Amino acid sequence: MAQIISVTHGQPLSTGTVVVPAEELVGLQSPSGELLPPERLGPGLVRQICDDGVLVRWLGAGFDSWVSYQDLRLLGRDAHLVAVYKCDRKGNCKLVRHRVALDIGFEHNWTAELRPPDVVRLVRDDGCVWTFTYNHVFNRIDTQWFHPPEDEDAEALTAAELAALNRRYPL
């Protein structure tokens, strides 16, 4: 995480912070010119902060936009995002869902790629990567260890389980 730069609604704001549109926000203009209502934006990740506003990556809408501080609501210091992408054999990936993890001890945001045949690839927000396999028989993530050797491995495994254990988007 980057150093805290600004404060919104009394809470610290830094790059990587998970935000949602403020209740007062009517919508944001997309790059195509369409006005998107807040419910179509989904949660966002703060990418950059300056005096005039905040650059946010809106996961539900799939674009970045500059937003003023008062148009954002922070979900809290312990809120972290797991974005889940379904990938085909050619490497094309599409966002299928996202989960905001609150109060479960995550220290990072995660991108999960569900790849054929049964691979779950996790990319942490600092670029570190973990790769697991999904076991359809036991409906679980298989690892090469009995107990995670480090806390960061345990967090990666938890993110993989959040991403893969969903019947709606099977591997």
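Check the entry above for the structure.
(A) Quick look at the overall build of the protein chain. Assigned secondary structure in the protein chain consists of two helices and 15 strands. For the protein chain, the C-alpha radius of gyration of 17 Å lies close to 16 Å, the compact-globule estimate for 171 residues. Its C-alpha atoms give the protein chain principal-axis dimensions of roughly 50 × 35 × 25 Å. Considering only contacts within the protein chain whose residues lie at least 6 apart along the sequence, 48% involve residues at least 24 apart. Carbon and sulfur atoms form 48% of the exposed surface of the protein chain, whose accessible area is close to 9900 Å². Distance between charge centroids for the protein chain: 11 Å, based on 17 positive and 23 negative side chains.

(B) Region of the structure containing the pattern of salt bridges. Counted by the stated rule, this structure contains eight salt bridges. The partner of Asp 64 in a salt bridge is Arg 57, and the shortest N-O contact between them spans 3.2 Å. For Asp 64, a relative accessible area of 28% corresponds to the partly exposed category. Residue Arg 57 is classed as partly exposed on the basis of its relative accessible area, which comes to 29%. Here the salt bridges do not stand alone but share partners, grouping Arg 47, Arg 57 and Asp 64 into one network.

(C) Quick look at the sheet that holds strand β12 (residues 110-115). Spatially, β11-β10-β12-β13-β14-β15 is the arrangement adopted by the six strands of the open sheet, whose pairing is mixed. Single-partner strands in this sheet number two, and they are β11 (93-101) and β15 (140-142). This sheet shows a mean twist of 30° between the axes of neighbouring strands, independent of strand direction. Where strand β13 (residues 119-124) meets strand β14 (residues 129-135), five bridges bridge the pair, whose relative direction is antiparallel. Each bridged residue has a counterpart across the sheet, and for Val 119 the counterpart in β14 is Thr 133.

(D) Representation of the packing of aromatic side chains. Within this structure, the stated rule accounts for two aromatic pairs. Between Phe 132 and Trp 145, the ring centres sit 6.0 Å apart and the planes meet at 80°, which makes this aromatic pair edge-to-face. Remark: Trp 145 occurs in the loop between β15 and α2 (151-164) and Phe 132 occurs in strand β14; sequence separation between them is 13 residues.

(E) Geometry of the pairing of strand β3 (residues 18-21). Of the two faces of β3, the one carrying Val 18 and Val 20 and the one carrying Val 19 and Pro 21 are both buried. Sheet topology note: the β3/strand β6 (residues 44-50) ladder contains two bridges and is antiparallel. Residue pairing in the sheet places Val 18 in a bridge with Leu 45 of β6. The pairing of β3 with strand β9 (residues 72-74) spans three bridges and is classified as antiparallel. In the strand pairing of β9, Val 20 is matched with Arg 73.

Each value, and the rule that gives it
Residues numbered from 1 in each chain as written. Predicted model: local features only at pLDDT ≥ 70, side-chain atom pairs only at ≥ 80, totals over all residues. Heavy atoms only, no water. Helix = DSSP H or I, 4+ residues; strand = E, 2+ residues; numbered from the N terminus. Rg over C-alpha atoms; globule rule 2.2 N^0.38 Å. Contact = heavy atoms within 4.5 Å. Areas by Shrake-Rupley, 256 points an atom, 1.4 Å probe, with all protein chains shown as cover. Lys, Arg positive; Asp, Glu negative; His and termini not counted. Charge placed at Lys NZ, Arg CZ, Asp CG, Glu CD. Salt bridge = Lys/Arg side-chain N within 4 Å of Asp/Glu carboxyl O. Buried < 20%, exposed > 50% of the residue type's maximum accessible area, 1.4 Å probe, protein only. Pairing = 2+ DSSP bridges. Axes fitted to C-alpha atoms, helices over the stretch in contact; angles between N-to-C directions. Phe/Tyr/Trp six-rings, centres within 6.5 Å; stacked < 30°, edge-to-face > 60°.

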